[in-house]
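# Tertiary structure, described
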Amino acid sequence: MPVWQSLYDELKGSGFMVVSVAQEARGCEHARPFIEQAKAGYWTLIDAEHRVSALYGMVNVPQAVWINEAGHIVRPAETAGSTDHFRRMDRKTRTHTPEALVARKAAQDAYLNAVRAWVREGANALDEASVTSRQPRISEEMAQAQAHFRLAHWLRGAGRDAEAARHFAEASRLYPESWSFWRQAADLEQIGGAVSEKYWARVDALGDRPYYPPPDVPGFKPA
Amino acid sequence: MTTVISESGSFEVHTGHGLWMSASECERVTGWTAKPQGMCKADECVPLPAGSTRDGQVDVAAFWRWRSAPVLSSDAGDAWVLGESAQTRNQILLGETAPDFTLPDVAGTPRTLSSLRGNKVVLVTWASW
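Residues numbered from 1 in each chain as written. Chains lettered and ligands numbered in written order. Predicted model: local features only at pLDDT ≥ 70, side-chain atom pairs only at ≥ 80, totals over all residues.

## Digging into the packing of helix α7 (residues 161-174) of chain A against helix α8 (residues 179-189) of chain A
Residue and element names in this part refer to chain A. What counts, and what does not: For helices, the fitted axis covers only the stretch in contact; all axes are lines through C-alpha atoms, and the angles between them, taken along N-to-C directions, range from 0 to 180 degrees. Runs of H or I in DSSP of at least four residues are treated as helices and runs of E of at least two as strands, each being numbered from the N terminus. Small angles under 35 degrees read as roughly parallel and large ones over 145 as roughly antiparallel, with 65 to 115 read as roughly perpendicular and the rest as oblique. With the far helix as reference, a near helix turned anticlockwise by less than a right angle produces a left-handed crossing, and one turned clockwise produces a right-handed crossing. We call two residues in contact when the distance between their C-beta atoms, placed using the backbone, is within 7 Å.
Packing of α7 against α8 leaves a shortest axis separation of 9 Å and a crossing angle of 155°. Taken as axis vectors, α7 and α8 run roughly antiparallel relative to one another. Considering how the two elements wind past one another, α7 and α8 form a crossing that is left-handed. From α7, F168, A171 and S172 reach across to α8, where they touch F181, W182 and A185.

Here it is, written out as structure tokens:
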């Protein structure tokens, strides 16, 4: 989030806004320390039910959508500059090689430069046909999964954790592409659950497929 | 009272067996109005399935299933989710403007995406987990 603050400070006079949305079923109090640390001047919203992910077909964090002055989507949901370098880090010490750190930073900078060029010169906005063809398609299973997730969230708030867990699990079964559903449920089960052995096994099972599909912006080099 | 969670929020509703409720409650929760030709919203009218209205009451669960939209309830039947169908979600996502929403900021102030019209907006998700 600090990267968004500096970009926002740089561009806020140019009719630019960042809307940062926490996909956070534990709610505001859980997200607050992270937000206060970022000293954000832009909007930092709390979305306990992951409604933004549902509306825009997002499956992971961080993902971003670009919306122009007229309210039209000019880039559908895509990875907001993250890379798969983390898959090759030392999992015991959680450290990266110096080369990986440099490459990761370069990729993030490329993404932020793409935003900058859009705000200043209108670059990198896709035409309507490309936006339509790149939009995720919501399947019946995904729509059903979202309903299970919302019910699970309500049940958890009512203290019915066992019944909630059943609906979180059903959401992930119906919509296995959603890392957000799976990781959120794992985190609710136990703090740290989202980065557990089970998580790494799931990441490894991707094989050659990306965890963060690279955004198609100039100069972005995936891991 | 029964909690009904729809796209427009969470509502406390007087219901009969299942998800039978008055036509006015149905309109408040779902935005669909009961008319002689069926259930209507904006320009669209959908005929109701047989047996799903009686004495000014509507079986909203039956109506929702009829629309092929997700309907779920808690084991105790005291909470229901009326989800949007995949078809509706895709229509919203592929519509003229970005899907709108209102969410609280960290101070609890509701913020609505469409109020930022006139700006370029990067909408970005994150999480602590």
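Read on for the rest.
## Structural notes on the sheet that holds strand β3 (residues 20-22) of chain B
Residue and element names in this part refer to chain B. In plain terms, the rule: When DSSP finds two or more bridges between a pair of strands, those strands are recorded as paired.
Spatially, three strands are ordered β3-β8-β7 in an open sheet, and the strand pairing comes out antiparallel. The open sheet has two edge strands with one neighbour each: β3 and β7 (53-54). As judged from the three bridges shared by β3 and strand β8 (residues 57-59), these two strands associate in the antiparallel manner. Each bridged residue has a counterpart across the sheet, and for M21 the counterpart in β8 is V58. Seen against the sheet, helix α1 (residues 23-30) touches β3 and β8 and runs at an angle of roughly 100° to β3.

## Notes on the sheet that holds strand β1 (residues 2-6) of chain B
Pairing is mixed in the open sheet, where four strands are placed in the order β2-β1-β10-β9 (chain B). Edge positions in the sheet fall to β2 (9-13) and β9 (71-73) of chain B, since each has one partner strand and no second. Direction aside, neighbouring strands of the sheet carry axes that sit 20° apart on average. Here β1(B) pairs with strand β10 (residues 79-82) of chain B via three bridges, running parallel. Across the sheet, T3(B) pairs through a bridge with A79(B), a residue of β10(B). Sitting on the sheet, helix α6 (residues 140-157) of chain A is in contact with β1, β9 and β10 of chain B, with an inclination near 155° to β10(B).

## Notes on α6(A)
Residues and elements named next belong to chain A. What counts, and what does not: Given the number of residues in a helix, its expected span is that number minus one, multiplied by 1.5 Å. Residue burial here comes from a neighbour count, namely the number of other C-beta atoms, placed from the backbone, that lie within 10 Å of the residue's own C-beta, with 20 or more meaning buried, 12 or fewer meaning exposed, and in between meaning partly exposed.
Under the 1.5 Å per step criterion, the end-to-end length of α6 is 26 Å for 18 residues, consistent within 8% with the ideal 26 Å. Counting buried positions over the 18 residues of α6 gives 15, a clear majority of the element. Remark: G159 follows α6 within two positions and exhibits a positive phi of approximately 80°.

## With respect to the packing of α6(A) against α7(A)
Residue and element names in this part refer to chain A. Our working definition: Here the term charged refers only to Asp, Glu, Lys and Arg, the term nonpolar to Ala, Val, Leu, Ile, Met, Phe, Trp, Tyr, Cys and Pro, and the term polar to all other amino acids, Gly among them.
Where α6 contacts α7, the axes come no closer than 8 Å and their chain directions differ by 160°. Accordingly, the angle class assigned to the pair α6 and α7 is roughly antiparallel. As α6 packs across α7, the resulting crossing turns out to be left-handed. Contacts between α6 and α7 pair E141, Q144, A145, H148, F149, L151, A152, L155 and R156 from the former with D161, E163, A164, H167, F168, E170, A171 and L174 from the latter. Class assignment of the residues belonging to the contact of α6 with α7 gives a composition of nine nonpolar, three polar and five charged.

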